[in-house]
Amino acid sequence: MNQTSQNSSKQKIVIVGGGTAGWLSAAIIAAKHKVADGECGLDITLVESSDIPTVGVGEGTWPTMRNTLKDIGLSEKEVFKRCSAAFKQGGKFVNWVAGNNDYYYHPFTVPLGYGRVEMAPYVDNIAEFANATNFQQHVCEHNMAPRTLSEEEYSSAQSNYAYHLDAGAFADQLREFSKSTLGVKHTVATVLSVQSNGTNNIESITLDNGECLSADLFIDCSGFKSLLLGETLQEPLVSTDDVLFNNSALALHVPYEGDYEIKPYTQATAQEAGWIWDIGLASRRGVGHVYSTNFISDDKAETLLRNYVGDQAGELSARVIRFNSGYRKNIWKGNVVGIGLAAGFVEPLEATALMLIEISARFVAEQMPLPNAAMPIVSQRFNKQMQYRWQRIIDFLKLHYIFNQRSEDYWVANRNPATIPDSLKEDLEIWKYRGPQIADFSAAIELFPAASYQYVLYGMGFSPDFSLQSHFYNERDLATKVIQQNQLITQQKLSSLPNHRDYIAQWLAS
Ligand SMILES: Cc1cc2nc3c(=O)[nH]c(=O)nc-3n(C[C@H](O)[C@H](O)[C@H](O)COP(=O)(O)OP(=O)(O)OC[C@H]3O[C@@H](n4cnc5c(N)ncnc54)[C@H](O)[C@@H]3O)c2cc1C
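Residues numbered from 1 in each chain as written. Predicted model: local features only at pLDDT ≥ 70, side-chain atom pairs only at ≥ 80, totals over all residues. Heavy atoms only, no water.

Peer 1: Where do I start with the pattern of salt bridges in this structure?
Peer 2: One side chain can pair with another of opposite charge once the charged atoms of both are near each other. Evaluated as defined, the whole model comprises 23 salt bridges. Of the charged contacts, one joins arginine 284 and aspartate 166 as a salt bridge, the two residues approaching to 3.3 Å between their closest N and O atoms. Of this pair, arginine 284 sits in strand β18 (residues 284–291) while aspartate 166 sits in the loop between β8 (162–164) and α7 (167–180), and the two are 118 residues apart along the sequence. With a relative accessible area of 9%, arginine 284 lands in the buried category. (Salt bridge = Lys/Arg side-chain N within 4 Å of Asp/Glu carboxyl O. Helix = DSSP H or I, 4+ residues; strand = E, 2+ residues; numbered from the N terminus. Buried < 20%, exposed > 50% of the residue type's maximum accessible area, 1.4 Å probe, protein only.)

Next up, the structure:
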């Protein structure tokens with residue numbers, strides 16, 4: 001422990017960076033250690049530069065965000081008001097198979113009968129798996145909200161959901177709340193230099209306002225720059241370029257026009273060399289093209305984005321964001337832990353980045369205060385867990401690409417076995433004759449359940465040869481009942497859930 005922190009009874013955390021990663025981490029950690037309003041059991045300072053902008057994207061979340069916001073102490077309604085939020089009930093993948101308007105869903109609710117009966121052998125057309133076993137795709141196609149006005153905020157009893165929200169407004173709201181209610185200190189300044197003791201520990205950071213800050217733990221939320229972890233401690237990026245090819249994005253904010261619907265799902269539409277995200281907020285859409293410059297030029301990518309948006313793209317200017325796909329192996333090194341883009345980034349196909357921020361900040365919150373002697377043990381455990389998670393994420397994202405039947409070079413290259421990680425190849429070898437099952441995902445730190453793999457694989461038409469294990473066909477009666485029950489539930493939901501846009505307007509007005 002250094003001089004400054006020894007003088008204080010509270011352990012000291014300095015967070016560098018005021019994007020979503022910085023403020024979400026500050027809020028999660030401070031809320032966990034809240035002593036009273038405005039008072040925290042840890043001494044947390046967040047430093048952010050007014051000269052270095054945030055990445056400005058990251059609008060799709062996971063359902064984990066519900067509990068995160070609740071634990072922080074935020075009202076869900078306030079988040080909707082401030083962040084122009086809307087509900088997200090899953091992802092819709094358009095043109096990912098043959099490119100002829102095909103689509104499949106990855107809904108957030110698991111298939112009916114999940115854990116009781118393996119439904120895939122009994123679904124007539126495997127590509128219709130989500131439809132046959134889950135109501136949520138239908139609810140999404142009808143632009144419905146996940147609950148009714150009579151239900152409490154944060155209630156997901158009817159339908160598992162996450163959010164679409166304005167990233168800038170979200171960081172602003174977290175900043176205000178963290179300062180006013182959670183006791184987080186805030187310094188607006190640029191880090192000019194970092195003092196390390198040569199043994200993977202950072203002693204202090206020097207700011208352009210002349211201040212020098214020391215801490216027990218530094219959290220690097222400085223974005224792609226990775227100022228502390230990457231630049232200072234030289235922790236390299238493990239590149240995933242050979243598996244996930246995308247390295248650039250173009251983003252637009254598209255206003256709604258006329259009598260619009262707010263889509264309660266993220267749509268990802270495959271393009272010649274990438275895909276376009278379409279995220280419905282309450283007040284606008286966030287639309288962006290993620291692509292690989294090894295296969296198309298920026299100009300072509302922008303043309304495809306504008307074609308997708310249509311006339312509304314008119315005068316809107318698109319911003320290019322470059323990224324190196326990969327993650328840092330030792331995300332917690334010495335007394336520095338990287339959270340957010342500073343730790344790593346892979347394409348946002350399943351909106352995994354904010355979820356990893358939530359998980360990482362929770363881990364830190366649970367470990368602090370932390371005696372110096374325990375830090376190497378804790379960091380090693382954290383790194384092991386995170387390496388496993390990154391590997392699983394990379395596999396799961398790649399899964400979306402490998403059964404495509406498209407003819408463009410990018411898609412052909414994506415099916416090349418040499419680009420598929422061995423871990424995923426192994427899984428596929430087994431899934432060929434029995435599909436993904438719950439037992440394949442037994443680690444306590446698992447991110448995607450078997451259901452997610454089933455939705456994506458089956459949605460793409462991957463059909464296991466269940467006949468090799470004939471016991472799969474022993475539960476036809478139960479499976480038939482499940483399919484009928486799903487039809488009933490679907491009808492009930494379609495006749496009772498409100499329109500998404502109407503729900504938000506009425507709820508926020510009440
Ligand atoms: C195209 C794209 C789409 C995405 N879509 C999604 C999505 O749908 N869902 C999802 O979960 N994630 C998504 N992400 C990821 C998500 O945007 C990020 O994980 C999230 O915004 C967190 O970013 P950050 O806070 O780590 O970095 P940034 O937003 O870049 O913030 C970095 C901060 O560090 C500060 N800083 C930098 N250097 C210094 C310095 N020297 N001194 C002081 N301060 C400094 C900056 O001022 C800034 O405040 C997407 C990312 C991209 C690129």
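From this point on, the discussion continues.
Peer 1: Got a minute to help me understand the nonpolar core in this structure?
Peer 2: Nonpolar side chains in soluble globular proteins tend to end up buried together. Of all hydrophobic cores here, the largest spans 141 residues; its most connected members are Trp96, Ile219, Trp332 and Leu399. When residues of this core are assigned to their parent elements, the largest contribution, 12 residues, is made by helix α11 (residues 375–402). For isoleucine 219, the contacting residues outside a window of four places in its chain are Ile13, Val14, Ile15, Val16, Ile29, Val337, Ile339 and Val364. By size, the runner-up hydrophobic cluster in this structure holds 16 residues, among which are Val16, Ile205, Ala215 and Leu227. (Core = buried A, V, L, I, M, F, W, Y, C linked by side-chain atoms within 4.5 Å. Contact = heavy atoms within 4.5 Å.)

Peer 1: I'm lost on the packing of helix α4 (residues 76–83) against helix α16 (residues 500–509) in this one. Help?
Peer 2: When two helices pack together, their arrangement is captured by the angle between the axes and the distance separating the axes. At their nearest, the axes of α4 and α16 sit 10 Å apart, and the two run at 115 degrees to each other. Taken together, the axis directions place α4 and α16 in an arrangement best described as roughly perpendicular. When the axes of α4 and α16 are compared, the crossing they make is left-handed. Taken together, the residues of α16 that come into contact with α4 (itself represented by Glu76, Lys77, Phe80 and Lys81) are Ile504, Trp507 and Leu508. Among the residues making up the contact of α4 with α16, the classes are represented as 4 nonpolar, no polar and 3 charged. (Axes fitted to C-alpha atoms, helices over the stretch in contact; angles between N-to-C directions. Parallel < 35°, antiparallel > 145°, perpendicular 65-115°, else oblique. Left-handed = near helix turned anticlockwise from the far one by under 90°. Nonpolar A, V, L, I, M, F, W, Y, C, P; charged D, E, K, R; others polar.)

Peer 1: What's the story with the pairing of strand β6 (residues 90–94) in this structure? I'm lost.
Peer 2: Two faces, one strand: in a regular strand the side chains alternate between the faces of the sheet. Of all 5 residues in β6, 5 are buried, a share of seventy percent or more. Of the two faces of β6, the one carrying Gly90, Lys92 and Val94 and the one carrying Gly91 and Phe93 are both buried. When β6 meets strand β7 (residues 103–107), the two strands line up antiparallel, connected through 5 bridges. Residue lysine 92 lies in a different strand from β7, and its bridge partner there is tyrosine 105. Direction of pairing for β6 relative to strand β16 (residues 266–271): parallel, over a ladder of 4 bridges. Bridge assignment links glycine 91 to a residue of β16, and that residue is threonine 266. (Pairing = 2+ DSSP bridges.)

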